[in-house]
Amino acid sequence: MNFTVSTVAQSLAAYLAPLLPGVTMYEDPNQQGTTCPCMFLQQRYSYISRETGTDWYLRRIGLDLTYLLDYNVPNQQRQYEAAAEALDLALETFPYMDGSGDPAQLVRAYEREWRIDLNELHYKFELRERVFIPREEVKMQTMDYNEEVLN
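Residues numbered from 1 in each chain as written. Predicted model: local features only at pLDDT ≥ 70, side-chain atom pairs only at ≥ 80, totals over all residues. Heavy atoms only, no water.

Caption draft 1: Broad picture of unusual backbone geometry. Residues Cys36 and Pro37 are joined by a peptide bond in cis, for which omega reads 0 degrees. Tracing the chain through its elements places Pro37 in the loop between β1 (24-26) and β2 (38-50). Its identity as a non-glycine residue notwithstanding, Asn72 has a phi of 60 degrees, on the positive side. By the element assignment, Asn72 lies in the loop between β3 (56-68) and α2 (76-90). Even without glycine at this site, Glu111 takes up a positive phi of about 50 degrees. Within the secondary structure, Glu111 sits in strand β5 (residues 105-117). In this structure Glu111 comes out as exposed when scored by relative accessible area, which is 56%. (Helix = DSSP H or I, 4+ residues; strand = E, 2+ residues; numbered from the N terminus. Buried < 20%, exposed > 50% of the residue type's maximum accessible area, 1.4 Å probe, protein only.)

Structure (structure tokens):
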């Protein structure tokens with residue numbers, strides 16, 4: 001299974017669509033042509049550390065799910081709070097698919113927090129996954145050796 005921020009965004013979009021109807025999900029922040037209400041996912045940080053005595057790594061990715069409504073909506077604060085509550089209930093775990101046809105795996109979201117900043121909701125969380133990085137190893141090869149004695 002491949003684990004990338006792009007596939008996390010796709011999995012979140014598919015999972016959250018029924019919970020937040022009418023919300024357009026973008027993988028990255030848009031500059032033009034953004035249809036509100038919308039959400040986009042931004043990576044805040046990424047750490048990778050090798051686990052002792054294994055070929056496995058712990059990958060920690062900090063993500064920020066940003067929710068935007070149209071400006072000057074009269075009940076904007078209440079709508080942001082309702083969306084944050086829905087995300088709190090839904091994002092303890094979510095199904096992750098990498099597009100390879102493998103069955104979905106549940107991924108846990110850690111350190112979840114949200115805040116409303118300048119007319120947008122920021123829902124921040126961290127993913128912690130054990131990953132294996134495949135490596136191309138040089139296999140042992142044979143060589144032809146013909147012994148020759150020089151006088």
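Caption draft 2: How the structure looks around the pattern of salt bridges. Going through the model one piece at a time under the given rule, you end up with 7 salt bridges. Here Arg50 ties to Asp55 by a salt bridge, and the two come within 3.0 Å at their closest N and O atoms. By relative accessible area, which is 46% here, Asp55 ends up partly exposed. Residues joined by salt bridges that share partners form a network here, namely Arg60, Glu111, Glu126 and Arg128. (Salt bridge = Lys/Arg side-chain N within 4 Å of Asp/Glu carboxyl O.)

Caption draft 3: Structural view of the packing of aromatic side chains. For the structure on display, the rule yields 4 aromatic pairs. Summarising the aromatic geometry, the rings of Tyr67 and Tyr80 are spaced 5.7 Å apart at their centres and angled 80 degrees between planes, so their arrangement reads as edge-to-face. Remark: Tyr80 occurs in helix α2 and Tyr67 occurs in strand β3; sequence separation between them is 13 residues. By the burial criterion, Tyr67 is buried, and Tyr80 matches it. Taking the centre distance of 6.3 Å and the plane angle of 55 degrees together, the rings of Tyr123 and Phe125 count as tilted. For Phe125, a relative accessible area of 1% corresponds to the buried category. A cation over a ring is seen here: Arg128 above Tyr110, with NZ or CZ 4.4 Å from the ring centre. The aromatic ring of Trp56 is capped on one face by Arg130, whose charged end is 5.0 Å from the ring centroid. (Phe/Tyr/Trp six-rings, centres within 6.5 Å; stacked < 30°, edge-to-face > 60°. Lys NZ or Arg CZ within 6 Å of the ring centre and 35° of its normal.)

Coordinates in, geometry out; function isn't part of it.
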